[in-house]
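Each chain is listed here by its residues.
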Amino acid sequence: MTTGKTILILPLFLCLFCAARTEPDFVEGHGSLSVNGTQLVDSKNEPVVLAGMSFGWHNWWPQFWNSDVVRIMRDDWKCNILRAAMGIEHEDGFLEDPDSSVALVKGVVDACIENGIYVIIDWHDHNAHLHQDQAVAFFTDMARTYGDKPHVIYEIYNEPTVVDWKTVKAYSEAVISAIRAIDPDNLILVGSPHWSQDVHLVADDPITGFPNLMYTVHFYAGTHKTWLRERGDYALGKGIPLFITEFGACNADGNGPNNLDELSLWTDWMERNRLSWCSWSIADKQETCSVLKPKTCPTGPWTLEDLKESGLIARNLLHQWNK
Ligand code: MG
C-alpha cells in the first residue's frame, strides 16, 4: 500500500527540507547597496537604513578585532553593519606595520561576510591627503579582494582636520578612481574638512562622475548641536547623500558626560532622514565614548555589567532600530 508510506514519508521529507533551510542573512536579504538620490537603497531599490558599531583604532584595541566580537555585535547588539577603523598614523598603525594592519582588517571583513552583515573598511586617518599613494595601493588591494562582495563599503578618509575641501576632494577623486577601475559599484564614503563636519562645502562643490558615493557626518552630541544638523539639512537639500559613520553622546574629545537630550534630537533627525549610522566605539579605553569597561574580556561573552553607559546607550539604540 503506497498511500500509507506516502503519508509517513511526505511529512518526514518536509521536515528535513525545512530544517535544511535557514533564514536569509541580512546581506543575503538586501544584496548590493547603491545610492538613489540621497537615499541608500538595496538591490531591489528599496530604502535601507543600516545601524551598527565602529571598532576602535585597530592599532590600539586589536584584541577586540576578532570573529567572536563580530558575532556578539550581530547577535546580541543587533548590528547589521560594523566599521573596521584601521589606524594609519601613530604606533603600530598601517604606515608602520602594513602587513599586520591588513591582516587584522581582513579578519574582521571576512568575519562580517561570514555573519552576513555589511562592513566598512575605514582608512582611519586625519591626514590622508599626505598618504595618498598608500591609500590608493591599499584600496586597490581591497577592491581586488572584496569588490565582488555586496557586504563591503569603502570609507576613504575618516576625518580630515584643518585642510580645505579642495585638497580633500582631489585626494578623494584619486582614491575613488583607483577603486572604480576595479570595482564599479560598491559604496564609497567620503569625508570632509573639520572632522567630517563641513558637508555644506561638499554641497557647493560635490565630486561628480562616479556612482554610489555618500559623504560622512561625524557628531558628538555634547559638542555638536543644531548648527551641524542644519549643515546636514543644507547638504541633503542639495542632493548630497549622507552617512553617519561615527557618533557619540559625549563631547567631541570622547569624554565629558553623555548628553541624552541632544542625542535624542540627533536620533530623531537621523530617523527622519533615514540615515545609516555607526556609533563609536568598540574599545575599553578609560573614556566616556568607549563602550566597554577597562579589561573587558576581548572575546566575550559580555553581560550588561561589562558595558559603560555609552555601551548601554548604543546597544539600546540598536535594539530599537534593528528590530
Ligand atoms: Mg562591486
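Cut-offs used in this document
- Residues numbered from 1 in each chain as written.
- Predicted model: local features only at pLDDT ≥ 70, side-chain atom pairs only at ≥ 80, totals over all residues.
- Heavy atoms only, no water.
- pLDDT = per-residue confidence, 0-100.
- Contact = heavy atoms within 4.5 Å.
- Buried < 20%, exposed > 50% of the residue type's maximum accessible area, 1.4 Å probe, protein only.
- Helix = DSSP H or I, 4+ residues; strand = E, 2+ residues; numbered from the N terminus.
- Pairing = 2+ DSSP bridges.
- Donors = N, O, S within 2.8 Å, 3.2 Å for Na, K, Ca; no water.
- Phe/Tyr/Trp six-rings, centres within 6.5 Å; stacked < 30°, edge-to-face > 60°.
- Salt bridge = Lys/Arg side-chain N within 4 Å of Asp/Glu carboxyl O.
- 1 Å grid on protein atoms, 1.4 Å probe; cavity = no way out; pocket = protein on both sides within 12 Å on 5 of 7 lines; lining within 4 Å.
- Points joined across faces, edges and corners; volume = space filled by probe spheres on them.
- Nonpolar A, V, L, I, M, F, W, Y, C, P; charged D, E, K, R; others polar.

### Quick look at the confidence of the model for the chain
Residues with a pLDDT of 70 or more make up 93% of the chain, whose mean pLDDT is 94. Across residues 1-21 the pLDDT falls below 50, and counting only partners more than four positions away or on other chains, this stretch makes one contact in the model.

### What to know about the pairing of strand S3 (residues 51-55)
Burial analysis of S3 places five of its five residues in the buried class, which makes it a mostly covered element. For S3 and strand S10 (residues 277-282), the ladder comprises five bridges, and the chain directions are parallel. In the sheet register, Ser-54 faces S10, and the bridge partner there is Trp-280. The pairing of S3 with strand S4 (residues 81-87) spans three bridges and is classified as parallel. Across the sheet, Gly-52 pairs through a bridge with Ile-81, a residue of S4.

### Overview of the coordination of the magnesium ion
In the first shell of the magnesium ion, the protein supplies Gly-147 (O), Asp-183 (OD), Asp-185 (OD) and Asn-186 (OD1), at 2.1 to 2.3 Å from the metal. For Asp-183, a relative accessible area of 1% corresponds to the buried category.

### Focus: the packing of aromatic side chains
In the structure shown here, the tally under the stated rule is 17 aromatic pairs. Ring geometry for Tyr-157 and Tyr-171: centres 5.1 Å apart, planes at 75 degrees, overall edge-to-face. Placement of the pair is Tyr-157 in the loop between strand S6 (152-155) and helix H6 (165-180) and Tyr-171 in helix H6, with a sequence separation of 14 residues. Judged by relative accessible area, Tyr-157 falls into the buried class, the value being 0%. The exposure class assigned to Tyr-171 is buried, which follows from its relative accessible area of 1%.

### Some remarks on the pattern of salt bridges
Considering all chains together, one arrives at twelve salt bridges under this definition. Between Arg-74 and Asp-75 there is a salt bridge whose closest N-O contact spans 2.8 Å. The exposure class of Arg-74 is partly exposed, given its relative accessible area of 26%. Notably, a salt bridge pairs Asp-204 with Lys-238, separated by 3.0 Å at the nearest N-O pair. A residue pair is termed long-range when its members are at least 10 positions apart, and Asp-204 in helix H8 (residues 199-204) and Lys-238 in the loop between helix H9 (226-237) and strand S9 (242-248) qualify at 34 residues. When salt bridges with common partners are traced through the structure, they connect Arg-83, Asp-122, Glu-155 and Glu-246 into a single cluster.

### Digging into the side chain of His-131
Tracing the backbone shows His-131 in the loop between strand S5 (118-124) and helix H5 (132-146). The exposure class assigned to His-131 is buried, which follows from its relative accessible area of 9%. For His-131, the residues in contact, after removing those within four places along its chain, are Ile-88, Glu-89, Leu-95, Trp-123 and Asp-125.

### Comments concerning empty space enclosed by the protein
Taken as a whole and assessed by the stated rule, the structure comprises two cavities of 30 Å³ or more. The computed volume of the largest cavity comes to approximately 70 Å³. Phe-247, Gly-248, Ala-249, Cys-250, Asn-258, Ser-279, Trp-280, Cys-289, Val-291, Ser-310, Ile-313 and Ala-314 together form the lining of the largest cavity. Those elements that provide at least two residues to the lining of the largest cavity are S9, S10 and helix H11 (309-321). If you tally residues by element for the lining of the largest cavity, the top one is H11, at three residues. In the lining of the largest cavity, the residues fall into eight nonpolar, four polar and no charged. Reported here for the second largest cavity is a volume of approximately 40 Å³. Along the walls of the second largest cavity sit Ser-32, Leu-33, Lys-149, Pro-150, Val-152, Ile-153, Asn-186 and Leu-187, which together make up its complete lining. When grouped by side-chain class, the residues that make up the lining of the second largest cavity number five nonpolar, two polar and one charged.

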